[in-house]
Amino acid sequence: MAVYTHLGAEDLARLIGEYDVGSLVMAKGIAEGVSNSNWLVETTGSGGSGTRFILTLYERRIDYADLPYFLGLLDHLAAKGCPVPRTMHDRDGASWRMVEGKAAALIEFLPGVSPTRPTPTQARSIGAVLAGLHLAAADFPQTRANAMDFAASAAILDACGAAALETIDPALPAMLDHARVAAALDLSALPQSQTHTDLFPDNVLMLGEDVTGLIDFYFACTGPMLLDLTVTHAAWCFDAANAYRADCGVALIDGYQSVRPLTPEERALFADVAKGACLRFVASRAEDWLDTPDDALVTRKYPMQFAQRWQFYHDHGAALLAG
Ligand SMILES: Nc1ncnc2c1ncn2[C@@H]1O[C@H](COP(=O)(O)OP(=O)(O)OP(=O)(O)O)[C@@H](O)[C@H]1O
Ligand SMILES: N[C@@H](CCO)C(=O)O
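Please read all numbers here as calculations on a predicted model, not as lab measurements.

Trainee: Looking at this structure, how should I read helix α4 (residues 150-160)?
Mentor: In an α-helix there are 3.6 residues to a turn, and that puts residues three or four apart on one side. Of the residues making up α4, those classed as buried are Phe150, Ala152, Ser153, Ala154, Ile156, Leu157 and Cys160. Each element contacted by the buried residues of α4 is listed here: α5 (162-168), α6 (173-183), α7 (225-236) and α9 (264-291). Phi turns positive, to about 90°, at glycine 161, one or two residues after α4.

Trainee: What's the story with the site of ligand 1 in this structure? I'm lost.
Mentor: With respect to spatial proximity, 15 residues lie near ligand 1, and among them Val34, Asn36, Glu108, Leu110 and Asp216 are the closest. For ligand 1, an oxygen atom lies 2.9 Å from a polar atom in the side chain of asparagine 36. One of the side-chain N or O atoms of aspartate 216 is found 3.0 Å from an oxygen atom in ligand 1. Compared with its free state, where it exposes 620 Å², ligand 1 has 85% of that area covered by protein. Among the residues forming the shell around ligand 1, the class breakdown is 8 nonpolar, 4 polar and 3 charged. Looking at which domains feed residues into the shell around ligand 1, each of domain 1 (9-108) and domain 2 (120-319) supplies at least three.

Trainee: When you look at the layout of surface pockets in this model, what are you seeing that I'm missing?
Mentor: Empty space among the atoms becomes visible once a probe the size of a water molecule is rolled across them. Approximately 390 Å³ is the volume found for the second largest pocket. Taken together, 19 residues line the second largest pocket, and the ones lying closest to its centre are Thr116, Phe200, Pro201, Asp202 and Ala235. Put simply, the parts of the chain that give the lining of the second largest pocket at least two residues each are α7 and α10 (303-316). Sort the elements by how many residues they give to the lining of the second largest pocket and α10 lands first, with 3 residues. When its residues are assigned to classes, the lining of the second largest pocket shows 9 nonpolar, 3 polar and 7 charged.

Trainee: For this particular structure, what's the right way to read the packing of aromatic side chains?
Mentor: The description of two aromatic rings rests on the distance between their centres and on the angle between their planes. Tallying each qualifying case throughout the model produces 14 aromatic pairs. Between phenylalanine 70 and tyrosine 218 the ring centres are 5.5 Å apart and the planes differ by 90°, which places this aromatic pair in the edge-to-face class. In this pair, phenylalanine 70 sits in helix α2 (residues 67-79) while tyrosine 218 sits in the loop between β8 (210-214) and β9 (221-224), placing the two residues 148 residues apart along the sequence. The ring of phenylalanine 109 has arginine 52 lying over it, and the distance from NZ or CZ to the ring centre is 4.9 Å.

Conventions and cut-offs
- Residues numbered from 1 in each chain as written.
- Chains lettered and ligands numbered in written order.
- Predicted model: local features only at pLDDT ≥ 70, side-chain atom pairs only at ≥ 80, totals over all residues.
- Heavy atoms only, no water.
- Buried < 20%, exposed > 50% of the residue type's maximum accessible area, 1.4 Å probe, protein only.
- Helix = DSSP H or I, 4+ residues; strand = E, 2+ residues; numbered from the N terminus.
- Contact = heavy atoms within 4.5 Å.
- Near = heavy atom within 4 Å.
- Polar contact = N/O pair within 3.5 Å; in protein donor to acceptor, adjacent residues only side chain to side chain.
- Areas by Shrake-Rupley, 256 points an atom, 1.4 Å probe, with all protein chains shown as cover.
- Nonpolar A, V, L, I, M, F, W, Y, C, P; charged D, E, K, R; others polar.
- Domains from an automatic or database assignment.
- 1 Å grid on protein atoms, 1.4 Å probe; cavity = no way out; pocket = protein on both sides within 12 Å on 5 of 7 lines; lining within 4 Å.
- Points joined across faces, edges and corners; volume = space filled by probe spheres on them.
- Phe/Tyr/Trp six-rings, centres within 6.5 Å; stacked < 30°, edge-to-face > 60°.
- Lys NZ or Arg CZ within 6 Å of the ring centre and 35° of its normal.

Structure (structure tokens):
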């Protein structure tokens, strides 16, 4: 369920009236997503604006001071031909406005569906698109620090505490030590750009083998491009039983390198950064697991899934870029 705030028909029509997109025809709450309230909105269109939009009301976990970065990055990337939604600007030129005390943005609707079992060809496509995003974002003038960097992961696991982590799984407390090791990594030699850092399949829209949309940029930040590649690798290249899918892994890295070859420093740090990437999701999932009551409507994501992927990169990560 992801409509936390009720907006009546008049509220929605008034809000849409602030934009040059024609008048409201339809608005339907979107069930997917857990962080924000989202509606699919249809309008009569105006001046080439298109007629379908996503209206997002930012509910939690988002600092409004970051909105110019998130929404400005979308516009920057869209202008360079990356498959990301453009943001609609209201008649005052603003990309977001306040509604019912919350920030709201109207974003271009993009076609496509999120793959549930990506094929190697789809993995290759997303690798190439991610590299294109990194190149296109290099001259984006704003920056944002990564609030979920390796030090943050270690701090989150530390705050959970070994005893609480053990209630989720006896193998979880060991991840705290591994997170401290990741936090001490020196990533300063790695080339940086603006990065998505949460490019799971559910944040990608595809039609067949083509990527039609990258969405949910609310963890985007300035940082090592390698981290973004390893997050995407860890999120796309394991099956439902958590076994590594080498066909997807090879295709994703090939696709990425077809657009931006990795530097020797990136190749050398691939396994360590992939392990840190896994720990970021171990940490956020463990924190959510402990914070979410058993009977909550929100589905909790299992931290051990990424602890097992950490183990995979620990055992095999160095070999993935060999040859
Ligand atoms: N620009 C877009 N074009 C088409 N569909 C979109 C677009 N943005 C979002 N959606 C749809 O809305 C759903 C919810 O969006 P999103 O995943 O961003 O939700 P959220 O609550 O903001 O994030 P989270 O996934 O972190 O809970 C997506 O699964 C997708 O179906
Ligand atoms: N994509 C993340 C949730 C957002 O950080 C996960 O699967 O844990």
